[in-house]
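Residue-level listing of the chains:
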Amino acid sequence: MSENASKVLDEVLAANREYAESFGDKAKLTMPPRRRFAILTCMDARLDPAKFAGLEEGDAHVIRNAGGRASDDAIRSLVISYKLLGTREWFVVHHSNCGMETFTDDVMRRLLSSSLNTSSVDEKGWHDSGTGPGSREAEYIDWLTIHDNAQSVVDDVTRIRRHPLVPKSIPIYGYIYDTRSGRLEEVPQASEAGRAA
Ligand SMILES: [Zn+2]
């Protein structure tokens, strides 16, 4: 590391020095999100919730994972979000052209059992270098891949809605972010499933 200092590391630390110089009043922000809402969305680098949803520091919780799926861990964060930090409305935002639509559990398990190197993708699907060693540990992970984008939003909103630790009073809105236009498109069946009682 010392000889070959990472370019990204340098860039990130330089950007942070600049950010901290104009930090201003943000030291006074309180922990509970001021606008009392949370967004569960995909980690995709093209999505920036602060920009697409108009967030400032301190406004809202943003929970991100591969696909924006309602995994047990995402639900853990959402429960903390309302129970301890007072959020009152939640969004589930998946998106068009999601990487989670490009593979299945079987594909991921095969790729990882073949090697731990980064795989490549072409029109025929994912390929692994096969230069090993890989690991069969991937057999034990549910990768929560997406087959149908709208259906995955409905499924996740429904799962959160029915969760015994989630109060019925929290509305859960279901949306798909369009990576071509930057627009949020509602999935009506999801928002319907997520309606507050
Ligand atoms: Zn995605």
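Everything below is about the structure printed above this text.
Predicted model only: the values in this text are computed from it and were never measured. (Residues numbered from 1 in each chain as written. Predicted model: local features only at pLDDT ≥ 70, side-chain atom pairs only at ≥ 80, totals over all residues. Heavy atoms only, no water.)

### Some details on the overall build of the chain
As a reminder of what qualifies: Secondary structure counts use DSSP, requiring at least four H or I residues in a row for a helix and at least two E residues in a row for a strand, with both numbered from the N terminus. Accessibility here uses a 1.4 Å probe with only protein chains present; expressed as a share of the type maximum, an area under 20% marks a residue as buried, one over 50% as exposed, and anything in between as partly exposed. Here a residue-residue contact requires only that any non-hydrogen atoms of the pair lie within 4.5 Å. Charged residues are defined narrowly, with Lys and Arg counted positive, Asp and Glu counted negative, and His plus the chain ends left uncounted. Charge coordinates come from a single atom per side chain, which is NZ of Lys, CZ of Arg, CG of Asp or CD of Glu.
Of regular secondary structure, the chain possesses 6 helices and 7 strands. The order of helices and strands in the chain, counted from the N terminus, is α-β-α-β-α-β-α-β-β-α-β-β-α. Projected onto the principal axes, the alpha-carbon positions of the chain cover approximately 50 × 45 × 35 Å. Across the 197 residues of the chain, 37% fall into the buried class. In the chain, once contacts between residues fewer than 6 apart in sequence are set aside, the share between residues at least 24 apart is 62%. One way to put it: in the chain the 25 positive side-chain charges average out to a point 7 Å from where the 30 negative ones average out.

### Observations concerning the nonpolar core
So the rule is basically this: Residues enter a nonpolar core if they are buried and are Ala, Val, Leu, Ile, Met, Phe, Trp, Tyr or Cys, with the set joined through side-chain atoms within 4.5 Å.
Counting 20 residues, the largest nonpolar core has Leu 40, Trp 90, Val 92, Val 153 and Ile 160 as the members making the most contacts within it. Secondary structure elements with two or more residues in this core: β1 (37-42), α3 (72-83), β3 (89-95), α5 (149-162) and β6 (172-177). Residues contacting Leu 40, with those up to four places away along its chain left out, are Ile 63, Asn 65, Gly 68, Arg 69, Ala 70, Ala 74, Phe 91, Val 92, Val 93 and Ile 160. The next biggest cluster of nonpolar side chains, apart from the first, holds 9 residues, and it includes Phe 37, Ile 39, Leu 47 and Tyr 177.

### A closer look at the pairing of β6
Spelled out, the test is: DSSP calls a pair of strands paired once it identifies at least 2 bridges connecting them.
The element β6 is extensively covered by neighbouring structure, given that 5 of its 6 residues are classed as buried. Where β6 meets strand β7 (residues 184-186), 3 bridges bridge the pair, whose relative direction is antiparallel. Residue pairing for β7: Ile 176 is matched across the bridge by Glu 185. What sits between β6 and β7 in their antiparallel hairpin is a turn of 6 residues, with Gly 182 showing a positive phi close to 80 degrees.

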